[in-house]
Every structure is written in C-alpha cells, then in structure tokens.
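# Chain and residue survey
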Amino acid sequence: MGSTEFYPDEAPAHEATVAAFEIEAHPVTNAQFAAFVAATGYVTVAERALDPADYPGVATEDLVPGALVFTPTTGPVDLADSQQWWRWRPGARWDAPHGPGTSVEGREDHPVVQVSFEDAQAYATWAGRSLPTEAEWEYAARGGLDGARFAWGDEHRPDGELLANHWQGSFPHRNTGAQGWVGTSPVGTFPANGYGLVDMTGNVWEWTTSYYTPDHAGRARSAAEVAAARAALTVEIPAYVLTGAAQDGPGEHPDRTSAGSGDAPDPRAAASAEPGSTIPRMVLKGGSHLCAPEYCLRYRPAARSPQAVDTATSHIGFRCVVRPPVAVAPAVAPVSARDLLG
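Residues numbered from 1 in each chain as written. Predicted model: local features only at pLDDT ≥ 70, side-chain atom pairs only at ≥ 80, totals over all residues. Heavy atoms only, no water.

## A look at the overall build of the protein chain
Regarding its fold elements, the protein chain presents seven helices and ten strands. Considering only intrachain contacts with a sequence separation of at least 6, the fraction spanning at least 24 residues in the protein chain is 72%. For the protein chain, the computed accessible surface area is about 15,100 Å², with 55% contributed by carbon and sulfur atoms. (Helix = DSSP H or I, 4+ residues; strand = E, 2+ residues; numbered from the N terminus. Contact = heavy atoms within 4.5 Å. Areas by Shrake-Rupley, 256 points an atom, 1.4 Å probe, with all protein chains shown as cover.)

This is how it looks when you write it as structure tokens:
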C-alpha cells in the first residue's frame with residue numbers, strides 16, 4: 001500500500017497484511033441511511049446544537065446546527081486557499097445536503113453525505129457491521145492490482161474513457177459534469193474494479209477508522225515481518241473478531257483504532273489532530289467528485305486525506321465491512337436493514 005509518486009503522506013510504499021473481511025459493493029446510499037434514521041430516530045452531528053466549550057471564540061449566534069457545503073467560485077482563484085469554496089451552511093444535513101430548500105428526493109441511490117465519523121460509526125453498529133481500516137480499504141480499492149496508480153490500472157483515462165466521478169473542467173469555478181453528473185452520481189454509474197466494487201475512487205471520500213499520520217513511515221513493516229504476520233493468520237481467529245472489539249489482531253496492519261469504543265484514549269488520536277486543535281482526525285480514502293487533477297489528484301487507492309471527526313461535508317460518505325462473516329450474529333441488524341444492505 002502507499003505510493004511515492006504523488007503526495008508526501010502516501011509514502012513510503014510498503015507491504016501490509018489484513019485479516020479476512022467483506023466490504024460493501026458501494027458506499028452507503030441515501031435510501032439506506034434514511035432506513036437507519038427511520039428505525040432509530042438517530043440525529044446526526046450536523047443536526048445538533050454546538051457546544052460553546054468546544055468552539056471558544058465563536059459567537060453564540062453562529063453556534064447553530066449545520067455543515068460545510070462546497071460553493072463554486074465565480075472564476076479562477078488561488079487553489080492554496082480552500083476557504084474560498086467551502087461555506088458553513090446552517091441547516092445543511094444528510095437529507096438537505098446543500099442547506100434548507102435542498103433534499104435527497106430522487107437521489108435515493110446516491111451516496112449519503114454530510115455524515116461525520118460518529119454518524120458513520122452509528123450506522124455501521126446498527127447494521128451489524130464496522131467501518132474499514134485504511135489498510136482494508138486500500139486493499140479492496142486496488143481490486144487485485146499490485147501497485148497500480150488507479151483502481152483500474154496506470155493510465156488516467158484508458159482509450160479516453162472516464163472511469164470515476166471526479167471534477168471535469170476548471171476547479172473550482174467550472175464543472176461540466178462526469179457523465180452528466182455535477183456533484184454525486186448514483187452508485188455504480190462508473191465501472192467496478194477487479195473485485196466488483198464500485199465508486200472506490202471518486203464520487204465521495206470515505207471514512208476509515210485509522211487515525212491520520214503525516215506519512216506511512218511509522219506503519220511500514222519489513223518483508224520478514226509481513227511474512228510472519230501472514231503465517232500467524234492461519235493459527236487462530238483473532239479475539240477481536242469474536243468480541244467485536246477494535247484492536248490489533250494477528251497479521252493486522254497496526255492501524256486499527258478504538259475510536260468511539262469507550263476504551264482508554266489512544267495516543268494516536270491526539271497525534272492526529274491538526275496543530276492547535278484537540279479534535280482527532282481520521283483518514284479519508286478514495287477522493288470525490290470535487291477532485292480535479294490540477295488540485296486534488298486523489299481519486300486513487302493510495303491517496304489519503306485527514307478529516308476532523310466532528311466534521312460533515314457535502315463530499316464525504318462511507319461504506320462498511322464485516323470481519324469475517326462468522327463474526328456477525330444473524331440477529332444483530334434489524335430485518336429492514338438486511339433487506340436494504342444485502
């Protein structure tokens with residue numbers, strides 16, 4: 001996993017091992033998330049009032065529920081300043097992703113957005129599933145290709161074909177649409193990778209349970225260590241599989257975290273925070289419909305991006321995993337969820 005060709009935080013390219021897992025064929029959709037909300041009454045982070053203690057210096061009148069929404073500029077701008085195209089929109093939420101007056105009606109098969117890390121975790125728990133680690137996600141995204149730049153190979157657009165939903169035109173002011181879609185597209189609009197998974201790159205960024213690090217240096221392992229880990233995989237089923245606990249198991253790449261589990265604070269959480277902040281950041285994978293080659297060539301398996309756990313935006317979604325099938329009791333998720341999840 002990883003790469004030395006593009007962004008510094010993707011390096012070094014190295015070997016990692018993951019235990020057996022299954023991953024959903026596409027990101028969680030608006031219809032699936034709506035079923036979760038209807039069944040549980042769950043209120044997303046974007047819908048909750050903000051605690052002044054968490055945002056010192058912010059005026060009380062500004063502490064209203066909402067989320068970040070991409071807003072195109074009127075023309076070319078300095079791409080070093082992302083605040084020019086991101087706006088805090090009061091009232092923006094999963095079912096009104098661009099603020100009051102917008103909705104997901106007619107977009108039930110689009111990936112859900114405006115979901116924070118906590119929201120994604122809550123859905124996964126309800127469905128009897130989990131969020132993937134970065135190593136699991138990247139393994140799945142590669143679709144069996146070893147070290148390829150993209151989920152489909154090394155060429156950006158083989159035979160001129162667009163193979164992922166990413167920005168078309170001049171970012172951030174002119175987007176001509178990916179196969180006619182400006183913004184998210186229905187899951188599966190673009191071809192699946194070698195494992196039959198769609199939208200692993202492009203469309204929406206996806207949450208993982210791995211705390212962000214500035215590179216992979218602390219996680220890279222030697223070939224001998226990887227070989228030993230692979231051998232250990234055949235010995236026994238890891239305890240975390242049977243208990244559902246989020247911890248490192250035999251052969252597991254050491255980036256599984258206990259975020260949100262109620263365990264003792266993980267030192268990686270504090271280290272992941274942006275300088276001057278105490279809010280942990282997780283690794284996002286896959287890029288999104290806002291990625292443009294001149295600004296964000298991150299619709300690739302190796303690409304990664306940090307995101308604060310309290311943040312919801314109009315280009316972040318998620319998908320779930322199961323480790324392994326025998327670890328999930330048949331009655332964990334409601335029948336309604338299983339009907340939708342497949």
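## Digging into the sheet that holds strand E6 (residues 205-211)
Across the sheet, which stays open at both edges, the four strands sit in the order E8-E7-E6-E9 with mixed pairing between neighbours. Pairing within the sheet leaves two strands with one partner each, and these edge strands are strand E8 (304-308) and strand E9 (316-317). Bridge count for E6 against E9 is two bridges, and the pairing is parallel. Counted as the bridge partner of Trp 205 is Ile 316 from E9. Across the sheet, helix H2 (residues 117-126) touches E6 and strand E7 (281-285), and the angle it forms with E6 is around 90°. (Pairing = 2+ DSSP bridges. Axes fitted to C-alpha atoms, helices over the stretch in contact; angles between N-to-C directions.)

## Some points on helix H3 (residues 134-142)
Judged by how many residues are buried, H3 sits mostly within the fold: eight of nine residues are covered. Along H3, the positions that sit buried rather than exposed are Glu 134, Ala 135, Glu 136, Trp 137, Glu 138, Ala 140, Ala 141 and Arg 142. Buried residues in H3 make contact with strand E1 (22-23), E6, E7, E8 and strand E10 (321-322). Directly beyond the C-terminal end of H3, a positive phi value near 60° is found at Gly 143. (Buried < 20%, exposed > 50% of the residue type's maximum accessible area, 1.4 Å probe, protein only.)

## Focus on the pattern of salt bridges
Scanning the model with the defined rule gives twelve salt bridges in all. In this structure, the salt-bridge partner of Glu 24 is Arg 129, at a minimum N-O distance of 2.8 Å. With a gap of 105 residues between them, Glu 24 in the loop between E1 and helix H1 (30-40) and Arg 129 in the loop between H2 and H3 connect regions that are remote in the sequence. The shortest N-O distance in the salt bridge between Glu 138 and Lys 285 comes to 2.9 Å. Within this pair, whereas Glu 138 is found in helix H3, its partner Lys 285 is found in strand E7, the two being separated by 147 residues in sequence. In this structure Glu 138 comes out as buried when scored by relative accessible area, which is 1%. (Salt bridge = Lys/Arg side-chain N within 4 Å of Asp/Glu carboxyl O.)

## What to know about the packing of aromatic side chains
One pass over the full model with this rule turns up 20 aromatic pairs. For the pair Phe 33 and Trp 94, a centre-to-centre distance of 5.4 Å together with 65° between the ring planes defines the contact as edge-to-face. Residue Phe 33 is found in helix H1, and its partner Trp 94 is found in the loop between strand E3 (86-90) and H2; the two are separated by 61 residues along the sequence. The pair formed by Phe 33 and Trp 94 is uniform in burial state, with each residue classed as buried. (Phe/Tyr/Trp six-rings, centres within 6.5 Å; stacked < 30°, edge-to-face > 60°.)

## Brief notes about unusual backbone geometry
In this structure, Pro 12 follows Ala 11 across a cis peptide bond, with omega equal to -5°. Mapping Pro 12 onto the fold places it in the segment before E1. A cis geometry characterises the amide bond from Phe 171 onward to Pro 172, with omega recorded as 0°. Here Pro 172 lies in the loop between strand E4 (169-170) and strand E5 (174-175). The phi dihedral of Asp 199 falls on the positive side, at around 60°, and the residue is not glycine. Looking at the element boundaries, Asp 199 is found in the loop between E5 and E6. By relative accessible area, which is 4% here, Asp 199 ends up buried. The phi angle at Asn 203 is positive, at roughly 70°, despite the residue not being glycine. Note on placement: Asn 203 falls in the loop between E5 and E6. Residue classification places Asn 203 among the buried residues on the basis of a relative accessible area of 0%.

## Examining the packing of H1 against H2
Helix-helix packing is characterised by the crossing angle of the two axes and by the distance between the axes. Put simply, H1 and H2 touch, their axes get as near as 11 Å, and they point 75° apart. As far as their axial angle goes, H2 and H1 are roughly perpendicular. Every residue of H2 that contacts H1 at Gln 32, Phe 33, Ala 35, Phe 36, Ala 39 and Thr 40 is listed here: Asp 119, Ala 122, Tyr 123 and Trp 126. Taken together, the residues of the contact of H1 with H2 break down into seven nonpolar, two polar and one charged. (Parallel < 35°, antiparallel > 145°, perpendicular 65-115°, else oblique. Nonpolar A, V, L, I, M, F, W, Y, C, P; charged D, E, K, R; others polar.)

## Looking at the side chain of Ser 288
Looking at the secondary structure, you find Ser 288 in the loop between E7 and E8. A polar contact of 3.0 Å, which involves the side chain of Ser 288, links it to the backbone nitrogen of Leu 290. Setting aside its immediate chain neighbours within four residues, Ser 288 contacts Asn 165, His 166, Gly 202, Asn 203, Val 204, Trp 205 and His 315. (Polar contact = N/O pair within 3.5 Å; in protein donor to acceptor, adjacent residues only side chain to side chain.)

## Let's talk about the environment of Leu 163
Checked against the element boundaries, Leu 163 lands in the loop between H3 and E4. For the pair Leu 163 and Phe 150, spaced 13 residues apart in sequence, the C-alpha to C-alpha distance is 9.6 Å.

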